[in-house]
Amino acid sequence: MYLIIHAYIYFHYYFSNKKFWVNMTKEASKLVCLYLSLIFASVSSASATTVTCSFKQDGSGNMIQGMFVFGSSLVDNGNNNFLETKSKADYLPYGIDFPNGTSGRFTNGKNVIDLLGDQLKLLFIPPFQDPSTKGSKIVHGVNHASGSSGILDDTGLVAGNATSLSQQVKDFEAVTLAELEAELGCSSSQSLPSYLIVVGVGGNDYMLNYFLRKLYLRISIETFTANLIASLAQKLQELYILGGRKFVLTSLMPLGYSPVINRPNLIGTPSALNYAAQLYNAHLKTLLDSLKTHLSDFNFVLVNQYNIISNLTYSPPSATGFKDISNPCCTVSLSQGGNGISCDRGGKACEDRTAYMYFDGLHPTEAVNVQIATKAYASTHQGDAYPINVSQLAQLQI
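Residues numbered from 1 in each chain as written. Predicted model: local features only at pLDDT ≥ 70, side-chain atom pairs only at ≥ 80, totals over all residues. Heavy atoms only, no water.

S.K.: Describe the nonpolar core, naming the residues involved and giving the relevant values.
M.R.: Tyr-206 and Tyr-280 are the most contacted members of the largest nonpolar core, which totals 60 residues. Elements with a contribution of two residues or more to this core: strand 1 (66-71), helix 5 (165-184), strand 3 (195-200), helix 7 (203-211), helix 8 (221-242), strand 4 (246-250), helix 9 (270-294) and strand 5 (299-303). No other element matches helix 8, which puts ten residues into this core. The residues contacting Tyr-280, other than those within four sequence positions of it, are Ile-151, Val-201, Gly-202, Tyr-206, Thr-225, Leu-228, Ile-229, Leu-232 and Leu-252. (Core = buried A, V, L, I, M, F, W, Y, C linked by side-chain atoms within 4.5 Å. Buried < 20%, exposed > 50% of the residue type's maximum accessible area, 1.4 Å probe, protein only. Helix = DSSP H or I, 4+ residues; strand = E, 2+ residues; numbered from the N terminus. Contact = heavy atoms within 4.5 Å.)

S.K.: Can you break down the environment of Asp-118 residue by residue, with the values?
M.R.: By secondary structure assignment, the location of Asp-118 is in helix 4 (residues 112-119). A relative accessible area of 42% means that Asp-118 is categorised as partly exposed. As a C-alpha pair, Asp-118 and Ala-373 span 255 residues in sequence and 9.6 Å in three-dimensional space.

S.K.: Can you tell me about the side chain of Thr-250, naming the residues and giving the values?
M.R.: Mapped onto the elements, Thr-250 comes out in strand 4. If sequence neighbours within four positions are ignored, Thr-250 has contacts with Val-199, Gly-200, Val-201, Leu-284, Leu-302, Val-303 and Gln-305.

S.K.: Run through helix 5, naming residues and quoting values.
M.R.: Taken as a whole, helix 5 carries its principal kink of about 40° at Phe-172. Looking only at helix 5, the buried set comprises Leu-165, Ser-166, Gln-168, Val-169, Asp-171, Phe-172, Thr-176, Leu-177, Leu-180 and Leu-184. Here the buried face of helix 5 lies against strand 1, strand 2 (141-143), helix 6 (188-191), strand 3 and helix 8. Just downstream of helix 5, Gly-185 is the residue with a positive phi angle, here 70°. (Bend = angle between axes of the 7 residues up to and from the residue.)

S.K.: Quick one: what's the story with the pattern of salt bridges, residue by residue and with numbers?
M.R.: Counted by the stated rule, this structure contains six salt bridges. Here Asp-289 ties to Lys-285 by a salt bridge, and the two come within 3.3 Å at their closest N and O atoms. Residue Asp-289 and its partner Lys-285 are located together in helix 9, separated by four residues, close to a single helical turn. What makes Asp-289 partly exposed here is its relative accessible area of 23%. (Salt bridge = Lys/Arg side-chain N within 4 Å of Asp/Glu carboxyl O.)

S.K.: I'd love a proper account of the packing of helix 4 against helix 12 (residues 366-378), names of residues and values included.
M.R.: For the pair helix 4 and helix 12, the least separation of the axes is 9 Å and the interaxial angle reads 45°. Comparing their axes, helix 12 and helix 4 come out oblique. When the axes of helix 4 and helix 12 are compared, the crossing they make is right-handed. Across the interface between the two elements, Val-112, Leu-115, Leu-116 and Gln-119 from helix 4 touch Glu-366, Asn-369, Val-370, Ile-372, Ala-373, Thr-374, Ala-376 and Tyr-377 from helix 12. Grouping the amino acids of the contact of helix 4 with helix 12 by side-chain chemistry returns eight nonpolar, three polar and one charged. (Axes fitted to C-alpha atoms, helices over the stretch in contact; angles between N-to-C directions. Parallel < 35°, antiparallel > 145°, perpendicular 65-115°, else oblique. Left-handed = near helix turned anticlockwise from the far one by under 90°. Nonpolar A, V, L, I, M, F, W, Y, C, P; charged D, E, K, R; others polar.)

S.K.: Just give me the short version of empty space enclosed by the protein, but keep the residues and values in it.
M.R.: Enumeration according to the criterion identifies three cavities of 30 Å³ or more in this entry. Size it by volume and the largest cavity reaches roughly 210 Å³. In this structure, the largest cavity is lined by 19 residues; those nearest its centre are Ser-72, Leu-74, Gly-203, Leu-252 and Met-253. Of the residues contributing to the lining of the largest cavity, the split by class is nine nonpolar, ten polar and no charged. (1 Å grid on protein atoms, 1.4 Å probe; cavity = no way out; pocket = protein on both sides within 12 Å on 5 of 7 lines; lining within 4 Å. Points joined across faces, edges and corners; volume = space filled by probe spheres on them.)

Below you can see the structure in the form of structure tokens.
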């Protein structure tokens, strides 16, 4: 079944996007050819089941039981607190506006995952790396995201021990699902259709990998993006095979607008980073449309963070409330171990966090996260949430 799904996606790309095919590495092309040949030889099929899990009802009538989250710092809610890495947000001023104080979220208050959970009336979703995340605590979901991680395994190495997307999915399958099955008394193929699978990843692969490591000297941005999407496709297929049916993916933000670009340690030029984000987002949409075309029970929402943040950036402050669209709210430095992105440990933060778009050198404030989550959940404009919104996705009968 896995090979069939994998081949379907690339078969679609072969005919509808020849540029994607041309830009793939020789090794990836050989792998695609193998999958295409195996699809015709394969006669296996997944058996359907009518057994469903019995979830405890909370009286809200919610069709969604919880969320399983994968990605990087934009959706990490504390996993890096438990890892040996320089990419941490377990100190003030991070969390200065969070109800429980500093938590490991890379913003001043709630991130997009928290806010989507509020919209969906879900309980707190614990971080995977927390030793207490087990038993009944996981029935409403688990957050596997890790700050500075990427789609590629080597993306987070610059910061230390980040958990790559590949490892996040492995942890999900080997640990989280095993415990979930024990708690619910049913298989993941029966339970996961009642959860949202949220994936927010990709920006670090450009900023902390392609541009920082100067891979552009030997590989084009088009080829890098094609291989990046191919790797992401594999992870989405794995999650689908495990039982995921309702996916929420976030596009890349306009990376070139972030304050880190205004600092001496440039990680790509603003125009190059924005082009990379646009290229990635276009390929991501094509991939998701392809999955939906060939897998009738694959459902998704693509949250267009690029469009949402761009609109906020170019709208007048009188309309948005954001008076500063280019500077970090907290003190960010390059001295004493500063990296030009993270808030200085124990440093100051601006007084009016609602007036700033960015809390540190890269991550949005809670005020911006509110805008993203609200549009993801309720917007009927496909430029914000495509092809449906999260509210509609949650109500779908699977």
